[in-house]
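Here are the chains, one letter per residue:
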Amino acid sequence: MTRIDDNAPAGTMDRRRFLLGAASLAVAAGLGGLSRQVGAQAAPPAAPTAGPFTLMKLPYADSALDPVISANTIGFHYGKHHKGYVDNLNKLVAGTELADKPLATVVAATAGNPDKVAIFNNAAQVWNHDFYWASLKPGGGGEPPAVLGKLMETAFGSVAACKDELKKAALGQFGSGWAWLALDGGKLVVVKTANADNPTTKGLKPLLTIDVWEHAYYLDYQNRRADYAQAVIDKLLNWGFAAGNLA
Ligand SMILES: [Fe+2]
């Protein structure tokens, strides 16, 4: 198994570019929690970066989500899949005007463009995974902050009903994709997206997400996506991150 430390970005990131991209992402999606986490990154780059986009530093140890998500899954999901999207994106934008743009701008600029599908897919997958890791935390789940809980009650009748909708979206997404809690104007909504797509392309503001690509759960749960989704909702979702994104 490849440990994520083998692929950790601290030694290779171009910090300025990393912060620029992350800050833009935070502005575009209200990613307050991640931007604070990014702001805490202090290690300067020790080696030249391979491209303008960098793999975010995971906000916890690769074993921190165990047993809901094992270190083995994190090793492949973060260290291989997520890193792969970053590497592919860097190759695809090399020498183009998009190489100098923040990640969220690349996503917005390529969404729905049939000539830019590969760039969109990899850029959006980097964005989505950055958001996914921030949507989870060790010892998560439980009750959301009051401000978010009230919105959940207004939109779905109760916090439990909102969680049920999130699970339904995770299970209802046919094939690879994502389940999201998002804001549509001032109203809370649960949506699902296929493959690399995300709610920002439809004018929604994501609050948190659950990755339902098989690579997110197959090593731990095989085909039991429902068990994965339930465990993530009950034990890992970072409701504080979601509430922070309301602002
Ligand atoms: Fe994933």
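Above this text you will find the structure in question.
What counts and how
- By convention here, each chain's residues receive numbers from 1 onward along its written sequence.
- Whole-chain, interface and lining totals are the exception, using all residues; otherwise, since this is a predicted model, local features are given only for residues with pLDDT of at least 70 and side-chain atom pairs are given and counted only at 80 or more.
- A run of DSSP states H or I qualifies as a helix once it reaches four residues; a run of E qualifies as a strand once it reaches two. Both are numbered from the N-terminal end.
- It is the C-beta atoms, placed from the backbone, that decide contacts: two residues are in contact if theirs lie within 7 Å.
- Backbone-placed C-beta atoms define the burial measure: a residue is buried with 20 or more other C-beta atoms within 10 Å of its own, exposed with 12 or fewer, and partly exposed in between.
- Any two strands between which DSSP finds at least two bridges are classified as paired.
- Here, axes are lines fitted to C-alpha atoms. For helices the fit covers the stretch in contact, and angles between N-to-C directions go from 0 to 180 degrees.
- The span one expects for a helix is its residue count, reduced by one, times 1.5 Å.
- The bend reported for a residue corresponds to the angle between axes fitted to the seven residues ending at that residue and the seven starting there.
- By definition in this entry, angles of less than 35 degrees are roughly parallel, angles greater than 145 are roughly antiparallel, angles of 65 to 115 are roughly perpendicular, and the rest are oblique.
- For this classification, Asp, Glu, Lys and Arg are treated as charged, while Ala, Val, Leu, Ile, Met, Phe, Trp, Tyr, Cys and Pro are nonpolar and the rest, including Gly, are polar.

Inspection of the secondary structure assignment puts arginine 225 in helix α9 (residues 225-235). Sequence separation of arginine 225 and tryptophan 213 is 12 residues, and the distance between their C-alpha atoms is 9.3 Å. If near-sequence neighbours (up to four positions away) are discounted, arginine 225 is found in contact with Ala170, Leu171, Val212 and Tyr217.

Right, let's talk about the environment of lysine 83 for a bit. Locating lysine 83 in the fold gives a position in helix α3 (residues 71-93). Judged by the 21 C-beta atoms lying within 10 Å of it, lysine 83 is buried.

Turning next to the sheet that holds strand β1 (residues 177-184). Taken in spatial order, the 3 strands line up as β2-β1-β3 in an open sheet, and their pairing is antiparallel. In this open sheet, the two strands that pair with only one neighbour each are β2 (187-194) and β3 (205-211). In this sheet, neighbouring strand axes are inclined to one another by 25° on average, regardless of whether the strands run parallel or antiparallel. By the bridge criterion, 8 bridges tie β1 to β2 in an arrangement that is antiparallel. Paired with aspartate 184 across the bridge in β2 is lysine 187. Sitting on the sheet, helix α5 (residues 117-135) is in contact with β1 and β3, with an inclination near 80° to β3.

In this section: α3. The end-to-end C-alpha distance of α3, which contains 23 residues, comes to 31 Å, matching closely the 33 Å that a straight helix rising 1.5 Å per residue would cover. Largest kink in α3: about 25°, centred on lysine 83. Immediately beyond the C-terminal end of α3, within one or two residues, lies glycine 95, with a positive phi of roughly 80°.

Running from N to C, helix α6 (residues 146-156) and helix α7 (residues 159-172) point in directions that differ by 75°, and their axes come no closer than 8 Å. On the basis of their axis angle, the class for α6 and α7 is roughly perpendicular. Facing Gly149, Met152, Glu153, Ala155 and Phe156 of α6, the residues of α7 in contact are Val159, Ala161, Cys162 and Glu165. Considering only residue class, the contact of α6 with α7 consists of 6 nonpolar, 1 polar and 2 charged.

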